[in-house]
Each structure stands twice: as structure tokens, then as C-alpha cells.
Amino acid sequence: MGDVMQNHPAATAARKSRTLRAQAAAGARIAQLLLGFACAFLFWYLTVDVWQLPRFANLPGPSEVFSEWFSPDPIYGLSFYTPDYYWHILHSLARVGVAFVLATLLGVPLGLLMGWSQRVREYVFPLFELLRPIPPLAWVPLAILMFHGTETPVIFLTFLAAFFATALNSMLGARSIDPSLIRAARCLGAGEWRLFSRIVVPGALPQVFSGLQISLGVAWFSLVAAEMVSGEYGLGYLINTGYSMATYPTIFIGMITLGVVGYLTSVVIRLIEHALLRWGNDEQGGRS
Amino acid sequence: MKRAAPTSIGHLKIEDAVKVYRSRNVETLAVDHCSLDIQPGEICMIVGPSGCGKTTLLNAVAGFHGLTSGRITLDGELLCGPGKPMAEPGPDRVVVFQNGALFPWMTVLDNVTFGPLSQKTMTTSEAREKARELLADAGLAGMEHRYPEQLSSGVRRRVEIARAMMNDPAVLLLDEPYRALDSLTRAMMHEALLEMHARRPVTILFITHDLEEAVFLGHRIVVMSARPCRPTLQMEIDIPHPRDYSITTSDAYRGYVESALDAVHLEAQKSFAANEAEARP
């Protein structure tokens, strides 16, 4: 019966027009996106290269940055063709990765427990709220005193803010669950563990994921700050040395790369979220 | 024998229930010496203005909170009373909530089997088999693998009733379950509930503020006074079950609705006056 309906000429036509509309909408979106980028680059080009406004004159223009970036033989030593470029990216990615995974592994369970159990919340939350507003940069001296080498302090600093964001959002997620669902599960005879694993965890998941997005953002944020303070590789380090060595196009390359890599990592989280939260956005009838 | 009740379980007795809410220095009397004796298989409709404390009574039966004094027994067993401040929530008294409480991350089948699998009274395959039967009885075959968001609100309510019935409860506690539905869907829900009750005559404590709903469904309706909640009028609805919507045009039905309406109207006026008096300094 469903097949008959689907093959009906009217249904086919409707589907075709729907696809066309979707394509048109996607085309319009891409056009808007390109226009946005074009405006930003135009502004950059005009202020630096054409008008040469007072404070902008020292900056490299887009043409200089991009010709440096795509040059096999870059003037300041860094482009798509130099292994160093990828080495910096890799270092930053690895640090963010380790810090983010640690923050997730520790922050999600702690946050859910704080949300679920009033006693855990009473013990942990005041301390948590006291530590949370301390900016990662304020931890720099402690981090350097506490940890050996250059890697661990950087990872620690990156971890901190990410951890607080993750734990806080997981807690709010666990607390935001409709109390009727908890009551319903109790009525149906669920014990504490089943209540936690089958109701609290999935119920909190959407907010846990928005916490992970925030966490990833602040991880990149504190990573760059930490890399500017210590470290010998990484995009933050690259930007900082670009400033001190006056290799200005490198700063732009580092910044734009950070934007792109940061965006791609948050896309990865969003994909995982989509895969896990199918019940919220799947219209097709689940597993059958 | 107007209550076709072949079962003997599900005798719910509320004796002298009192509930006082204390917040800081203010005491609010929510339920005032309320007694109800609900027979096995009876559909007892509690009617009263919104916010009158009917839900408080239901929550005490369900075990979501305790009573200040009084006792509640189910088939002679003390749920809540002297020495037992609060009933334990359990599958013998399943609640269907006002806004629906299906677990959105579980399919219909997982929702319906959640009870027995939590209580470990059935294996997964037994539970699934029983769930499929119940869903088929309720006209919901083929919905097993849908998620609640993919269902209409009427279907969601029926799934929720099936989920409750999976546990063979002694009492079904319905807290204005059809409040958010449009009137056509609601009429369908009413007939579906009565059909279900004809198959499996479980005791039902049904809370509503809709009089017609109460008269249509109930063996008995109990009109509650507004704050504090106390039964002011009990009325046996002497229309034989199973009923369908054709009875709503009968004289008997209209007569019951009208006499209940007078009582409720009086209570609503009192409640309104009380709120007015409260609002005034």
C-alpha cells in the first residue's frame, strides 16, 4: 500500500518539487555564506591594501597572506608546503584532544552525579562554583609549578575550563529532566541504577552535548593561551612567535587555521550527537 | 451488580486523609479529612476546580509524597498511614500523567516493556510478546518501533495506558491524562479507555476537571471542594457499562451532568472568592 502511494505520479511530482525546493534553499544558503566571507575579505582588503588606514597599514593584506600560505617557498618559512605547518596543527589537535577527552570522561559523570544526587551536589557544588570562575590563565603559575615538562601544564590548562563547562552542563542536563519521567520510572519499578542509566543519562544527553560544544570551544581558547605561555609547537605558539619575530602573515595563517580546525572539531562532536540522539531528530520510524 | 467486577484486587481505601503544606511560616491545608472507598474494578472520577488538591491526593496514593495524617490501604495493606509516612511508588499503582511521560529516547516497545524488565518479572522476549498483544488490543499494532515524538498525542496516551497495564496494576491512577487533547481525540480516548476497562476491569482513580468526562467514564463521581480538597458530593452514575458516545444524548446522562454542574459551579465560585480574599491584603 505504501509502495503504491509512493509510486503514484502525483507523489513523484510532489517529491521532485520538494527536492528542487531543497536544492534551491541549499543554493541560497551557500550564496549567503559566500557573500558573508566576501564582505569580510573585502573589508580586510580595503582597510589594509587600498585605504591603508593608520593602524592597519602594518598588517599584511589578504593577497600577501594567501600568496604566503600557498607558496612552496614561503618568505617567512610557513605555508601549506612546509611540514612545520602540519606539525603545529598536530600538536594543538593532540593537546586539545587529550584535554577534551579527559574533561569529558571526568566531567560528564561528575556532572550527572551532581545533578542526580542532592548529597553529591551539596558536597561538590560549592567548591565547584568557587573554582569555576578562576580563569585558566590564573592557573598558569600553579600549572607550571605542579607539572613537569612543557606538555602537561598546557594540557592541564586546556583541560580545566573544558572540564568545568562539561560538568556544569551535564549537571543542568540531569536536573532539567521532566520530573514526571522520573516518577513514571519509579512507578514502573525501576531501581536507582536503572533510573540513572535509562532515564537520567539519556534525558541529560542533549544538554551534555551542548556542554561538550562549549567545552570544546573553551578548550581551544585556553589551549592558545597556554601555548602562548609555554610550549614549542602548536598554533598558539605559532601566533605568538609570529608576533615576536614580526612575521605578520604567519599570524594570519595561524589564526585562520585555528578557526578552520576548531570548526571541524565541533562538526565532529555534532555528528556524534546526531548519531546518538536519533530519537530527537529521526522522522522515519526508528530502527524498523 | 452494576459494577461488573470479576476481580477482587484493587480495593483502594483512603481514610481521613489530611495534607498540610508547610513553606516557611505559612501552612496550607491542601487536603482536609478526605475519605474514599473505591471498590475493585470501579472507575472513580474525582472532579474539582483546578488547583484544589486532587492531584495531592493521587500523589499520596502513588507514593510521590506523604500525608500529614490519615491512612491509605490497598486490598487491606497499609500504603501510607501511622508509622509509614509515605507509600513506596510501585507497579501495583501506575500513574498516567497529565502531560504524558513516555520516555522520548525509547521506542514504543521499549517504553511498554520498561516496567516488567525493571521489576525483572519477565524475560525480554516474554515482555515483548505481552507488549505486542497489549498494543494490538489497543489498536496500536505496527507502532512498536516508533519513537514517541513520531506519534500523535492520542496515540501517545494509549501507549502510556498500555505501558501501565503491562504491570497488571491493582489501581490505575490517571491525572487528567486527556487534558491537552482536542475534544474529538478525547472522545476517542474515552471509548478506548472503557474498552480497555471492559477487557481488564482494573480499579481506576481518575482525576479531571471536566464534568462530562467524569459522567461519561465513571461508575461514580466525587466532586471535591476547592482548597482544602474534601468530597462535597458523591454521585453514582447509573448508566450500564460498556458505554459509548451514544449515551451522551440520553436524558439520564444530561441529568447527571446538570446536577454535577450545580455542585461544581458552587465550588468554583467558593474557590474564586477564596482566591480573591487571599489576593486582597
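Predicted, not measured: the structure shown is a model, and the values here were computed from it.

Draft legend 1. How the structure looks around the overall build of chain B. Counting its secondary structure elements, chain B contains 7 helices and 10 strands. A globule of 281 residues ought to have a C-alpha radius of gyration of about 19 Å, and chain B, at 19 Å, matches this closely. The principal-axis extent of the C-alpha atoms belonging to chain B is close to 60 × 50 × 40 Å. Of all 281 residues assigned to chain B, the portion counted as buried reaches 53%. Across chain B, contacts joining residues at least 24 apart in sequence account for 69% of those joining residues at least 6 apart.

Draft legend 2. Looking closely at the domain arrangement of chain B. All names here are of chain B. Splitting chain B by domain gives domain 1 (12-92 + 170-275) and domain 2 (106-168). For domain 1 versus domain 2, the distance between C-alpha centres works out to 26 Å. Contacts between the two partners involve 15 residues from domain 1 and, on the opposite side, 12 residues from domain 2. Counting across the interface, domain 1 meets domain 2 through 1 residue pair in polar contact (both at pLDDT 80 or more). Elements with a contribution of two residues or more to the side of domain 1 that touches domain 2: β7 (171-175) and α5 (183-199). In terms of residue count, α5 provides more of the side of domain 1 that touches domain 2 than any other element does, 6 residues in total.

Draft legend 3. Examining helix α7 (residues 151-175) of chain A more closely. Relative to the 36 Å expected for 25 residues at 1.5 Å per residue, α7(A) spans 36 Å between its end C-alpha atoms, a close match to the ideal helical length. Of all 25 residues in α7(A), 21 are buried, a share of seventy percent or more.

Draft legend 4. Just the nonpolar core, in detail. Counting 140 residues, the largest nonpolar core has Ile199(A), Leu12(B), Phe103(B), Leu172(B), Leu193(B), Ile221(B) and Met224(B) as its most contacted members. The element that contributes the greatest number of residues to this core is helix α9 (residues 192-229) of chain A, accounting for 15 residues. Dropping the residues within four chain positions of it, Leu193(B) is found in contact with Ile161(B), Leu174(B), Tyr178(B), Ile204(B), Phe206(B) and Leu217(B). Listed in part, the 13 residues of the second largest apolar core include Leu102(B), Ala131(B), Leu140(B) and Met166(B).

Draft legend 5. Quick look at the pattern of salt bridges. Under the defined criterion, the tally for this structure stands at 18 salt bridges over all chains. One salt bridge connects Glu192(A) with Arg186(A), and the closest N-O pair in it is separated by 3.1 Å. In this structure, the salt-bridge partner of Glu42(B) is Arg220(B), at a minimum N-O distance of 2.7 Å. Of this pair, Glu42(B) sits in the loop between β2 (26-38) and β3 (43-47) while Arg220(B) is found in strand β9 (residues 220-224), placing the two residues 178 residues apart along the sequence. What makes Arg220(B) buried here is its relative accessible area of 8%. Within the structure, one salt-bridge network assembled from shared partners comprises Arg95(A), Glu151(A) and Glu227(A).

Draft legend 6. A look at the packing of helix α4 (residues 153-165) of chain B against α5(B). Residue and element names in this part refer to chain B. Close contact between α4 and α5 brings their axes to 10 Å; oriented N to C, the two are set at 20°. Considered as vectors, α4 and α5 are oriented roughly parallel to each other. The way α4 lies across α5 gives a crossing that is right-handed. Between α4 and α5, the residues in contact are Gly-154, Arg-157, Arg-158, Ile-161 and Met-165 and Thr-185, Met-189, Ala-192, Leu-193 and Met-196, respectively. Among the residues making up the contact of α4 with α5, the classes are represented as 6 nonpolar, 2 polar and 2 charged.

Draft legend 7. Molecular detail of the packing of helix α4 (residues 83-116) of chain A against helix α10 (residues 235-244) of chain A. All names here are of chain A. Interhelical geometry of α4 versus α10 gives an angle of 130° and a closest axis separation of 7 Å. Judged on the interaxial angle alone, α10 and α4 are oblique. Every residue of α10 that contacts α4 at His-88, Ile-89 and Ser-92 is listed here: Leu-235, Tyr-237 and Leu-238. Per-class residue counts for the contact of α4 with α10 are 4 nonpolar, 2 polar and no charged.

Cut-off values and rules
- Residues numbered from 1 in each chain as written.
- Chains lettered and ligands numbered in written order.
- Predicted model: local features only at pLDDT ≥ 70, side-chain atom pairs only at ≥ 80, totals over all residues.
- Heavy atoms only, no water.
- Helix = DSSP H or I, 4+ residues; strand = E, 2+ residues; numbered from the N terminus.
- Rg over C-alpha atoms; globule rule 2.2 N^0.38 Å.
- Buried < 20%, exposed > 50% of the residue type's maximum accessible area, 1.4 Å probe, protein only.
- Contact = heavy atoms within 4.5 Å.
- Domains from an automatic or database assignment.
- Polar contact = N/O pair within 3.5 Å; in protein donor to acceptor, adjacent residues only side chain to side chain.
- Expected span 1.5 Å × (residues − 1).
- Core = buried A, V, L, I, M, F, W, Y, C linked by side-chain atoms within 4.5 Å.
- Salt bridge = Lys/Arg side-chain N within 4 Å of Asp/Glu carboxyl O.
- Axes fitted to C-alpha atoms, helices over the stretch in contact; angles between N-to-C directions.
- Parallel < 35°, antiparallel > 145°, perpendicular 65-115°, else oblique.
- Left-handed = near helix turned anticlockwise from the far one by under 90°.
- Nonpolar A, V, L, I, M, F, W, Y, C, P; charged D, E, K, R; others polar.

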